[in-house]
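Structural characterization, general
Letter by letter, the chains look like this.
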Amino acid sequence: MDGFEKAVKAGAKFVSVQFVDLLGNMKACETTIAHFEEVMGAGGLWFDGSSIEGFVRIHESDMFLKPDMDTLALLPWTENKVARVMCGVYNRDGTPFMGDPRNVLKASLEKAGKMGYEYKVGPELEFFLFRDKEGNGGPTMQPDPHDKGSYFDLGPVDEGINVKRETMLILQEMGLGMERMSHEVAHGQHEIGFKYGDALKVADDTQLIKNVIKIVAKKHGLYASFMPKPLFGKNGSGMHVHQSLWKNNENVFAGDGTYGLSETAHHFVAGQLEHARGICGVVAPTVNSYKRLVPGYEAPVYVCWGRTNRSALIRVPEAHGKKATRMELRCPDPSCNPYLAFSAMLAAGLDGIARKLEPPKPVDENVYHFDDEKLAKFYVKTLPASLGEAVAEEEKSTLLKEALGEHAFGKHIEAQKKQWEAYRLWVSDWEIKTYLPRL
């Protein structure tokens, strides 16, 4: 039974036809289940692409959405039995539109496939739950964490437990492999862990999970935020991504080298370390991302790798069995577009394999305590300190331009520069409080 038949059997009356813009924002329109059957027969649903961030100009606006029926599932919380389906964006001539982040990732995965690899990822998605003071389901200017819990606290200290339980049951009902949800370090901060898998499916799942968490939080009078650093002086929210390459149902990262890694895995690590500064603007894409990437809050700043070192950019967790062998990239955060982030990460790793790059010696000490001399000794560089610096590195990256394609790459740079310039010119409350009384 295909996805459409399942939706009909479940009594679906409407279908939410969904896609994602260049910045990772979900977009959708709805149609009846009867008309959706016509849409499938016609090969897609026409829409105006000129109004979507990073898509096309007005005279190129006619585009269509082609449903991926493997993603069709009923949304359990809807009263009128609504199903959702993710779509690829296509040009008028039927070719994939390469400004569509989903198509960008599919192209990257096809490239990996030609090298004989399947790319699997498992993100750890962190977020905050804040009290909704206005009662409108939206953010406030002064975010108020809903509890005083800390790492792995349980109820009643963890006051978000019912939000998490309801979220997990909904996602499980939709067929997602949920592993755990727990309280994180900061007050009101939580993490959701879901089963690793093919990068395209996991990107789709990441978008769905964020949407469901926001919906359930609103139902409980809370606001869920995936902002990387919403609270000064507190831990920020990351999206650490566990990665592995597979061939013929075998994990090719497993081997006899350092930390139980194969030669292929070593090359992959080396590639991501070499391109870390260039891809940072994609995996950590907001001004606020760089308020998280600072020493002291378990967020990476230094471009190095290790096992016990949580200040490192790449960590190799202890693996229980060859299938669990993986590497964890710790700089991505949940504000990123997962399709573009996974594309950039994969391209960097594959470049390391193609060029047979070797990683530097691993560092298992806390790099935050290194002085400049010791950093130089271990050849440790730093990540960009601001979005402006990250965009400058991104713009120089020929690897990223190839990975994202000329259209997506150019539009992404354009959007990043616009964001940075708006922030750079903004006169903040801190400046008023600091300078106005004494200057």
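See the structure shown above.
Right, let's walk through the structure included here. (Residues numbered from 1 in each chain as written. Predicted model: local features only at pLDDT ≥ 70, side-chain atom pairs only at ≥ 80, totals over all residues. Heavy atoms only, no water.)

1. A short note on the overall build of the protein chain
Note the following rule: Per the convention used, a helix needs a DSSP run of H or I reaching at least four residues, while a strand needs a run of E reaching at least two, with both numbered from the N terminus. Note on exposure labels: buried denotes an accessible area under 20% of the residue type's maximum, exposed denotes more than 50%, and partly exposed covers the range between, all computed with a 1.4 Å probe on protein chains only. Note on contacts: a residue pair is in contact if any heavy atoms of the two residues lie within 4.5 Å. In this tally, Lys and Arg are treated as positive and Asp and Glu as negative; His is ignored, and so are the chain termini. Charge coordinates come from a single atom per side chain, which is NZ of Lys, CZ of Arg, CG of Asp or CD of Glu.
When helices and strands are counted, the protein chain shows 14 helices and 17 strands. Taking the principal axes of the C-alpha coordinates as reference, the protein chain spans close to 70 × 55 × 45 Å. Burial status across the protein chain gives 55% buried among its 439 residues. If you take every contact in the protein chain between residues at least 6 apart in sequence, the share linking residues at least 24 apart comes to 68%. Each charge sign in the protein chain was given a centre, from 53 positive and 59 negative side chains, and these centres are 2 Å apart.

2. A word on the packing of helix α7 (residues 276–283) against helix α9 (residues 338–354)
Between two packed helices, what matters for the description is the angle formed by their axes and the separation of those axes. What counts here: Throughout, an axis means a line fitted to C-alpha atoms (over the contacting stretch in the case of helices), and angles, computed between N-to-C directions, take values from 0 to 180 degrees. Note on angle classes: values under 35 degrees are labelled roughly parallel, values over 145 roughly antiparallel, values of 65 to 115 roughly perpendicular, and the remainder oblique. Gly is placed with the polar residues, together with every amino acid not listed as nonpolar (Ala, Val, Leu, Ile, Met, Phe, Trp, Tyr, Cys and Pro) or charged (Asp, Glu, Lys and Arg).
Running from N to C, α7 and α9 point in directions that differ by 170°, and their axes come no closer than 9 Å. Considering their axes alone, α7 and α9 lie roughly antiparallel with respect to each other. Each of I279, V282 and V283 in α7 lies in contact with α9, whose residues at this interface are L340, A341, A344 and M345. Among the residues forming the contact of α7 with α9, the class breakdown is 7 nonpolar, no polar and no charged.

3. Observations concerning the nonpolar core
Spelled out, the test is: Only buried residues count toward a nonpolar core. Its members are Ala, Val, Leu, Ile, Met, Phe, Trp, Tyr and Cys residues joined through side-chain atoms within 4.5 Å.
Among the nonpolar cores identified, the biggest contains 90 residues, and Y119, I192, L245, L313, F342 and M345 are the most heavily contacted of them. For this core, the element with the highest residue contribution is α9, accounting for 11 residues. Among residues more than four places away in sequence, those in contact with L245 are Y117, E118, Y119, E250, N251, V252, F253, F268, L346, L350 and I353.

4. Brief notes about unusual backbone geometry
Residue K81 is not a glycine yet carries a positive backbone phi of 55°. Here K81 is to be found in the loop between β5 (73–74) and β6 (82–90). Classification of K81 by relative accessible area gives partly exposed; the value is 36%. Despite not being glycine, Y259 shows a phi value in the positive range, around 60°. By the element assignment, Y259 lies in the loop between β13 (250–251) and α6 (263–274).

5. Notes on the pattern of salt bridges
Heads up, the condition is: The term salt bridge refers to a pairing of a side-chain nitrogen on Lys or Arg with a carboxyl oxygen on Asp or Glu at a separation within 4 Å.
Applying the stated criterion across every chain, the model contains 18 salt bridges. The salt bridge partner of E166 is K219, with a shortest N-O separation of 2.7 Å. You can see E166 sitting in helix α4 (residues 161–173) and its partner K219 sitting in helix α5 (residues 199–219), a full 53 residues away along the chain. What makes E166 partly exposed here is its relative accessible area of 21%. Ionic pairing is found between K417 and E395, a salt bridge with its closest N-O pair at 2.8 Å. With K417 in helix α13 (residues 406–425) and E395 in helix α11 (residues 387–396), this pair connects stretches of sequence that are 22 residues apart. According to the relative accessible area criterion, K417 is partly exposed, its value standing at 40%. Bridged by salt links that share partners, the residues R277, E389, E393 and K396 form one connected network.

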